[in-house]
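Residue-level structure breakdown
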Amino acid sequence: MNIQSGNFTINARLKDTGTSIFSVMSAKAAEHQAINLSQGFPDFDGPAALIENVYRHMKSGKNQYAPMPGVPELRNEIAKKYNTQYQSDFNPESEITVTAGATQAIFTFIMSVVGKGDEVILFSPAYDCYAPAIRLAGGIPVFINLSEPDFSIDKEKLEKAFNSQTKLIVINNPHNPCGSVLPESDIHFIAELTKNTNCLILSDEVYEHIVFDENRFKPMNLYDGLQDRTLSVYSFGKSLHFTGWKIGYAIGSPQLTKIFRSVHQYNVFSVNTPMQYALADFLKDNETHLDISDFYQKKRDFFYNGLLKSRLKPLKSSGTYFLLADYSEISDMADTEFAIHLTQKFGVASIPLSPFYPTDDKPKGKYLRFCFAKQESTLKQALENLWKI
Ligand code: PMP
Ligand code: GLN
């Protein structure tokens, strides 16, 4: 895309980039004073003690650059928590890097391993930041649609798309926007497929702590055959309810971490110092604070059961703080049009599914994504509006 600026032309590297659907729908919610169940963020604060910690560390002079991989205190706490929870033994020195949110970790890893002409397999619906990073790196995103209505991986399609040019597969588990948790059999299939190849895995696991019912989550970098080829990325924004803090981390083998840091060092160098110390203290003192599945499961149940009384058909989310709802029996409108209609006429903003499909191969069904990371009073008001459809 060339943009004329005065008497010269600028060649913009990312073609056809519009405004993200999250920003679009949040703006629509504000414009129509609608309840905003679109962009994924809680409408409540995270722990007050954590805020106090930040202030304390700022006042005590923890205000200069942190070490490039993250302050050792925080990496140690991450290792302790992770290794205890998943019975692993990652080394905070050589295998954990603190990042400016998961988005930066994703961008950094893609920049460090994808080159010109490399193919990267993505599953649609796909979170929005993967494909642009791949294109900027000169790579080619290869999209495979998940199979509706359970949004599972079609193994035949994956096997067909996989070839010697495939440099990376991007996994998102638990899955935004579908609210699904990847079955172990699919993970074993991917391990088998990539065996004896140079293909790497980027596993976006930002919703690791939000898993419901009998579903279980285990990081991809702990499966046999995948340990050395997988970098897993996380976000404190999700696990501590502060999406605006933009701090996360990446965990992978010493070799992958070394490669990751070779780019991290130049695209961000290091992450906000007082917040890292604050998080380290907080994790040390609050070992159970990351047990948030029950907290969100109650919200999911409340919202899901409420939606059953509407004309929307909700899908029961297995993880994340999102659920999809089918509106095909209510309207023939395209999903973006219908999401705007609901915002304007019924005062509830959601996210249409089709923008998560960056090719012409769109979803067969008609779905909207709702975020239930909200106070019960907010969800109740939203339901009362949705019952009127
Ligand atoms: N991956 C997924 C699947 C997400 O939903 C989000 C944020 N909602 C991110 C990555 C980005 O995380 P962060 O805000 O920490 O950059
Ligand atoms: N991850 C958030 C969501 O899925 C949005 C973050 C953003 O606005 N980029 O809603």
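The preceding data block contains the structure.
Here we summarise the structure given alongside this text. Only a predicted model underlies this, so the values are computations on that prediction, with no experimental measurement involved.

Thresholds, definitions, all that
- Residues numbered from 1 in each chain as written.
- Chains lettered and ligands numbered in written order.
- Predicted model: local features only at pLDDT ≥ 70, side-chain atom pairs only at ≥ 80, totals over all residues.
- Heavy atoms only, no water.
- Helix = DSSP H or I, 4+ residues; strand = E, 2+ residues; numbered from the N terminus.
- Expected span 1.5 Å × (residues − 1).
- Buried < 20%, exposed > 50% of the residue type's maximum accessible area, 1.4 Å probe, protein only.
- Contact = heavy atoms within 4.5 Å.
- Salt bridge = Lys/Arg side-chain N within 4 Å of Asp/Glu carboxyl O.
- Phe/Tyr/Trp six-rings, centres within 6.5 Å; stacked < 30°, edge-to-face > 60°.
- Core = buried A, V, L, I, M, F, W, Y, C linked by side-chain atoms within 4.5 Å.
- Near = heavy atom within 4 Å.
- Polar contact = N/O pair within 3.5 Å; in protein donor to acceptor, adjacent residues only side chain to side chain.
- Areas by Shrake-Rupley, 256 points an atom, 1.4 Å probe, with all protein chains shown as cover.
- Nonpolar A, V, L, I, M, F, W, Y, C, P; charged D, E, K, R; others polar.

**Some details on helix α11 (residues 293-308)**
Between its first and last C-alpha, α11 extends 22 Å over 16 residues, near the 22 Å set by a 1.5 Å rise per residue. For α11, the complete set of buried residues consists of Ser 293, Tyr 296, Gln 297, Lys 299, Arg 300, Phe 303, Tyr 304, Gly 306 and Leu 307. Looking at the buried residues of α11, the elements they touch are β11 (313-314), β12 (322-326), β15 (367-371) and α13 (376-386).

**Topic: the pattern of salt bridges**
Counted by the stated rule, this structure contains twelve salt bridges. Asp 118 is the salt-bridge partner of Lys 167, the closest N and O atoms lying 3.7 Å from each other. Taken together, the residues span a long stretch of sequence, with Lys 167 in strand β7 (residues 166-172) and Asp 118 in the loop between α4 (101-113) and β5 (119-124) at a distance of 49 residues. For Lys 167, a relative accessible area of 27% corresponds to the partly exposed category. Asp 118 gets classed as buried once you look at its relative accessible area, which sits at 15%. Residue Lys 195 pairs with Glu 192 through a salt bridge whose shortest N-O separation is 3.7 Å. Counted as one network, the salt bridges with shared partners bring together Asp 213, Arg 300 and Asp 301.

**Quick word on the packing of aromatic side chains**
Scanning all chains against the criterion turns up 21 aromatic pairs. Judged by centre distance (5.1 Å) and plane angle (70°), the ring pair of Tyr 82 and Tyr 86 falls under edge-to-face. Taken together, the residues span about one helical turn, with Tyr 82 and Tyr 86 both in helix α3 (residues 72-86) at a distance of four residues. With respect to class, Tyr 82 is no different from Tyr 86; both count as buried.

**Some points on the nonpolar core**
Core analysis: the biggest nonpolar cluster contains 92 residues, and Phe 303 and Phe 370 have the highest contact counts within it. Tallying contributions element by element places α4 first for this core, with six residues. The contact partners of Phe 370, leaving out residues within four places of it in the chain, are Leu 37, Phe 303, Leu 312, Tyr 321, Phe 322, Leu 323, Ala 325, Leu 342, Val 348, Ser 350 and Leu 386. Residues Val 181, Trp 245, Ile 247 and Tyr 249 belong to the second largest nonpolar core, which totals 33 residues.

**Focus: the site of ligand 2**
Surrounding ligand 2, one finds Phe 22, Gln 39, Gly 40, Tyr 127, Asn 176, Phe 322 and Arg 369. Here Gln 39 contributes a side-chain N or O atom positioned 2.7 Å from an oxygen atom of ligand 2. Contacts to ligand 2 include Tyr 127, whose side-chain N or O atom sits 3.0 Å from a nitrogen atom. For ligand 2, the protein covers 78% of the area, taking 300 Å² as the surface of the free molecule. The residue makeup of the shell around ligand 2, split by class, is three nonpolar, three polar and one charged.

**Some thoughts on the site of ligand 1**
Lining the immediate environment of ligand 1, one finds Gly 101, Ala 102, Thr 103, Tyr 127, Asn 172, Asn 176, Asp 204, Val 206, Tyr 207, Ser 235, Lys 238 and Lys 246. A distance of 2.8 Å separates an oxygen atom of ligand 1 from a polar atom in the side chain of Asn 176. In the complex, the protein chains occlude 94% of the 400 Å² of accessible area that ligand 1 would expose alone. Here the shell around ligand 1 takes three residues from α4, the largest share from any one element. Residue composition of the shell around ligand 1, by class: four nonpolar, five polar and three charged.

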